[in-house]
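The lines below spell out each chain.
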Amino acid sequence: MYFTLFITVILTAIVLVVGAYVVAKLIGPRSYNPVKGEPFECGIPTRGSSWIPLHVGYYLFAILFLMFDIETVFLYPWAVVVKQFGVMALCSIGFFLLVLVFGLAYAWRKGALEWK
């Protein structure tokens, strides 16, 4: 029973994906010109090369922001169920926050949070 259901789901997925691809190819616009290949920002043509090297600090700051932002998002589910789990939940979130604070202190000490 489960095998038949599995095969049906797989075949349906394949048919839907191939069908969507075929319909897109049939009714999609087909205008090709050199302007489509040019990079632009908000409709304003670029001046010079679009491959300008950016300072690695921007990437580092963004990665750190995402890392700490995602980690703090994990605090919400814990806050919802903290009364059900008691002291063990408090200890585990304490360890989680300790790792988070040590990571922030390490990034701060290395100068990753400073604009140079």
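Residues numbered from 1 in each chain as written. Predicted model: local features only at pLDDT ≥ 70, side-chain atom pairs only at ≥ 80, totals over all residues. Heavy atoms only, no water.

Where we set the bar: UniProt positions are given in the numbering used here, feature names are shortened, and annotations may be inferred rather than shown by experiment.
Under an unreviewed UniProt entry, the chain has the name NADH-quinone oxidoreductase subunit A and belongs to Xylanibacter muris. Taken from UniProt, the Sequence similarities (unreviewed entry) comment for the chain reads in full: "Belongs to the complex I subunit 3 family." In its Catalytic activity (unreviewed entry) section, the UniProt record describing the chain reads: "a quinone + NADH + 5 H(+)(in) = a quinol + NAD(+) + 4 H(+)(out)".

## Quick word on the overall build of the chain
Filter applied, for reference: Helix and strand assignments come from DSSP, with helices taken as H or I runs of at least 4 residues and strands as E runs of at least 2, each series counted from the N terminus. Radius of gyration: C-alpha atoms only; globule rule: 2.2 Å multiplied by the number of residues to the exponent 0.38. Values of accessible area rely on a 1.4 Å probe in the Shrake-Rupley scheme; residue burial ignores everything except the protein chains shown. The charged-residue count follows a simple rule in which Lys and Arg add positive charge and Asp and Glu add negative charge, with His and chain termini not counted at all. Note on charges: their place is set at NZ of Lys, CZ of Arg, CG of Asp or CD of Glu.
Counting its secondary structure elements, the chain contains four helices and two strands. For the chain, the N- to C-terminal ordering of α and β elements is α-β-β-α-α-α. In terms of overall dimensions, the chain is more spread out than a globule: its C-alpha atoms have a radius of gyration of 25 Å, far above the 13 Å expected for 116 residues. C-alpha extents for the chain along the principal axes are approximately 60 × 60 × 20 Å. By element, 75% of the accessible surface of the chain is carried by carbon and sulfur atoms, the whole surface being about 10,900 Å². The centroid of the 8 positive side-chain charges in the chain is displaced by 5 Å from the centroid of its 5 negative side-chain charges.

## What to know about the packing of helix H2 (residues 56–73) against helix H3 (residues 75–85)
Our working definition: Every axis corresponds to a line fitted to the C-alpha atoms, with the helix fit spanning only the stretch in contact, and the corresponding angles, defined between N-to-C directions, vary from 0 to 180 degrees. Roughly parallel means an angle under 35 degrees; roughly antiparallel means over 145; roughly perpendicular covers 65 to 115; every other angle is labelled oblique. In this description, contact between two residues means that some pair of their heavy atoms is separated by no more than 4.5 Å. Each residue gets one label: Ala, Val, Leu, Ile, Met, Phe, Trp, Tyr, Cys and Pro are nonpolar, Asp, Glu, Lys and Arg are charged, and the others, such as Gly, are polar.
At a closest axis distance of 4 Å, the pairing of H2 and H3 adopts a crossing angle of 15°. By the criterion of interaxial angle, the relationship of H2 to H3 is roughly parallel. Side by side, H2 and H3 meet where Glu71, Thr72 and Val73 of the first sit next to Leu75, Tyr76 and Pro77 of the second. Class assignment of the residues belonging to the contact of H2 with H3 gives a composition of four nonpolar, one polar and one charged.

## Re the nonpolar core
In a soluble, globular protein the nonpolar side chains are often hidden away together inside. Note the threshold: Nine residue types can take part in a nonpolar core, namely buried Ala, Val, Leu, Ile, Met, Phe, Trp, Tyr and Cys, and a core is a set of them joined through side-chain atoms within 4.5 Å. Note on classification: 1.4 Å probe, protein chains only; a residue is buried when its accessible area is under 20% of the maximum for its type, exposed when over 50%, partly exposed between these limits.
Counting residues in each nonpolar core, the largest one holds five residues, listed as Leu64, Phe68, Leu100, Ala107 and Ala112. Broken down by secondary-structure element, the contributors of at least two residues to this core are H2 and helix H4 (87–109). Apart from residues lying up to four places away in sequence, Phe68 is in contact with Leu100, Gly103 and Leu104.

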